[in-house]
Amino acid sequence: MAGAAARIQLTAPLACARAQALAGLAVDAIVEEARLSPKPGLVDSRGSGAHADLTLPLMLRSAQSLGPSFAAMADAGLRAPRLAYGLRERLGALGREAEAVMLATTGGVNTHRGAIWCIGLLVGAAAQVSAAGQRASAAAISATAGAIAALPDRHRPAVTGNKGELACLAYGVGGARAQARAGFPHVMRLALPALQRSRARGDGEATARLNALLALMSELDDTCVLARSGRKGLDYMQAGARAVLSAGGAGTVAGRRHLRSLDAGMLAQRASPGGAADLLAATIFLDRLARDGDAGGHDFRGL
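As the structure is a prediction and not an experimental result, all values here were calculated from the model.

### Thoughts on the packing of helix H11 (residues 205–217) against helix H12 (residues 223–246)
Here comes step 1: Look at H11 against H12: their axes get within 8 Å of each other, and the N-to-C directions meet at 140°. As the angle between them shows, H11 and H12 are arranged oblique. Considering how the two elements wind past one another, H11 and H12 form a crossing that is left-handed. Taking contact as the criterion, the partners of Asn 211, Leu 214, Ala 215 and Met 217 in H11 are, on H12, Met 237, Gln 238, Ala 241, Val 244 and Leu 245.
Here comes step 2: The residue makeup of the contact of H11 with H12, split by class, is seven nonpolar, two polar and no charged.

### Thoughts on the environment of Tyr 85
Here comes step 1: Following the sequence through the fold, Tyr 85 ends up in helix H5 (residues 85–106).
Here comes step 2: As for Tyr 85 and Ala 150, which are separated by 65 residues in sequence, their C-alpha atoms are 9.8 Å apart.
Here comes step 3: Contact partners of Tyr 85, with chain neighbours within four places excluded, come to Leu 151 and Pro 152.

### Focus on unusual backbone geometry
Here comes step 1: Along the chain, Ser 37 connects to Pro 38 via a cis peptide bond; the corresponding omega equals -5°.
Here comes step 2: With respect to the helices and strands, the residue Pro 38 is situated in the loop between helix H2 (17–35) and helix H3 (56–65).
Here comes step 3: In this structure, Leu 83 takes a positive phi of about 50° despite not being glycine.
Here comes step 4: A relative accessible area of 31% places Leu 83 in the partly exposed class.
Here comes step 5: Positive phi values are uncommon outside glycine, yet Phe 184 reaches one of about 55°.

### Some points on the pattern of salt bridges
Between side chains of opposite charge, a pair can form as their charged atoms come close.
Here comes step 1: Evaluation of the coordinates by the stated rule reveals 16 salt bridges.
Here comes step 2: One salt bridge in this structure joins Asp 263 and Arg 46, with 2.9 Å as the shortest N-O distance. Highlighted residues: Asp 263 in helix H13 (residues 253–268) and Arg 46 in the loop between H2 and H3, separated in sequence by 217 residues.
Here comes step 3: You can call Asp 263 buried: its relative accessible area is 11%.
Here comes step 4: Of the charged contacts, one joins Arg 154 and Glu 89 as a salt bridge, the two residues approaching to 2.6 Å between their closest N and O atoms. Of this pair, Arg 154 sits in the loop between helix H7 (138–149) and helix H8 (163–171) while Glu 89 sits in helix H5, and the two are 65 residues apart along the sequence.
Here comes step 5: We classify Arg 154 as exposed; its relative accessible area is 68%.
Here comes step 6: Glu 89 gets classed as buried once you look at its relative accessible area, which sits at 13%.
Here comes step 7: Overlapping salt bridges bring together Glu 32, Arg 199, Glu 205, Arg 209, Asp 287, Arg 288 and Arg 291 as one network.

### Some details on the packing of H2 against helix H6 (residues 113–131)
Here comes step 1: Taken N-terminus to C-terminus, the directions of H2 and H6 make an angle of 145°; their axes are 10 Å apart at the nearest point. The handedness of the crossing between H2 and H6 is right-handed. Residues Arg 18, Leu 22, Ala 26 and Ile 30 of H2 touch H6, and the partners they reach there are Ala 115, Ile 119, Val 123, Ala 126, Ala 127 and Ser 130.
Here comes step 2: Considering only residue class, the contact of H2 with H6 consists of eight nonpolar, one polar and one charged.

### Digging into the nonpolar core
Here comes step 1: By size, the foremost hydrophobic cluster in this structure holds 91 residues, and its most contacted members are Phe 70, Ile 119, Ile 141, Met 217 and Phe 285.
Here comes step 2: A per-element tally of this core places H6 first, with eleven residues.
Here comes step 3: With near-sequence residues (within four places) excluded, Ile 119 lies in contact with Ala 26, Ile 30, Phe 70, Ala 281, Ala 282 and Phe 285.

### Describing the confidence of the model for the protein
Here comes step 1: This prediction gives the protein a mean pLDDT of 90; 90% of its residues lie at or above 70.
Here comes step 2: Predicted confidence is poor over residues 1–15, with pLDDT under 50, and the contacts of this stretch with residues over four places away or in other chains come to 24 contacts.
Here comes step 3: A low-confidence stretch, residues 294–303 (pLDDT under 50), is modelled with 29 contacts involving residues beyond four sequence positions or located in other chains.

Rules used in this analysis
Residues numbered from 1 in each chain as written. Predicted model: local features only at pLDDT ≥ 70, side-chain atom pairs only at ≥ 80, totals over all residues. Heavy atoms only, no water. Axes fitted to C-alpha atoms, helices over the stretch in contact; angles between N-to-C directions. Helix = DSSP H or I, 4+ residues; strand = E, 2+ residues; numbered from the N terminus. Parallel < 35°, antiparallel > 145°, perpendicular 65-115°, else oblique. Left-handed = near helix turned anticlockwise from the far one by under 90°. Contact = heavy atoms within 4.5 Å. Nonpolar A, V, L, I, M, F, W, Y, C, P; charged D, E, K, R; others polar. Buried < 20%, exposed > 50% of the residue type's maximum accessible area, 1.4 Å probe, protein only. Salt bridge = Lys/Arg side-chain N within 4 Å of Asp/Glu carboxyl O. Core = buried A, V, L, I, M, F, W, Y, C linked by side-chain atoms within 4.5 Å. pLDDT = per-residue confidence, 0-100.

Next up, the structure:
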């Protein structure tokens, strides 16, 4: 683990300002997702949710440790030819090293394996879009990420034994890999529109992001939930999220009542929608890029 951390730390100073800025946005998105409250079943500012081994401070330390990894992924996207096979393998190698850094930081606890996969792909894709001189739209970045994810990685382990992978096999769902290869359809079709609708009707940013999370939870076959509480838990999550949204969302009195009920039920089942949380972080990242254009003084639309 220490060797992996050293390799990433050595590459970080080589990343240009654009790569560092993209990495900063990626870390910010993961941090903002972690802090958002009240998230049903998830770690947030209230506590550990359905997790016995996670805390918000641990999540925040984990997120910060990933900055050099994301900078290296962005640098790889900036340097590689458009959708080159080597880029997929480079991002895969950097992702596996990032997992080792995460585990070293957390003492072996998986805090952000899913986020490393989806945010890492989006960072590399955003860098490719930037290098091509395209506007940093969510559609362009997600489509590019999907094309990268579909490329082969000769070095990817055939079987990892991770809980998400086992849930995919047990329940016949696509999981995070299928989401990425399809260009993150739940982010594009559900979460981003929910975020924009919520803002348009005057909800605060935290409420808008909670509604985006609920939109994801209402349809996502979340492998974290499946692994912890099976199909029954997944059905409960999806129905509960739909009930909150049907009541007007997290910004209404009725919606908050349904949200409290959903949270209590998920805690009782030890169900935690970690996959939806990862996709919310992806949503926040894409939204920031698309809205800001000029992030931290770096105009990603024309770089």
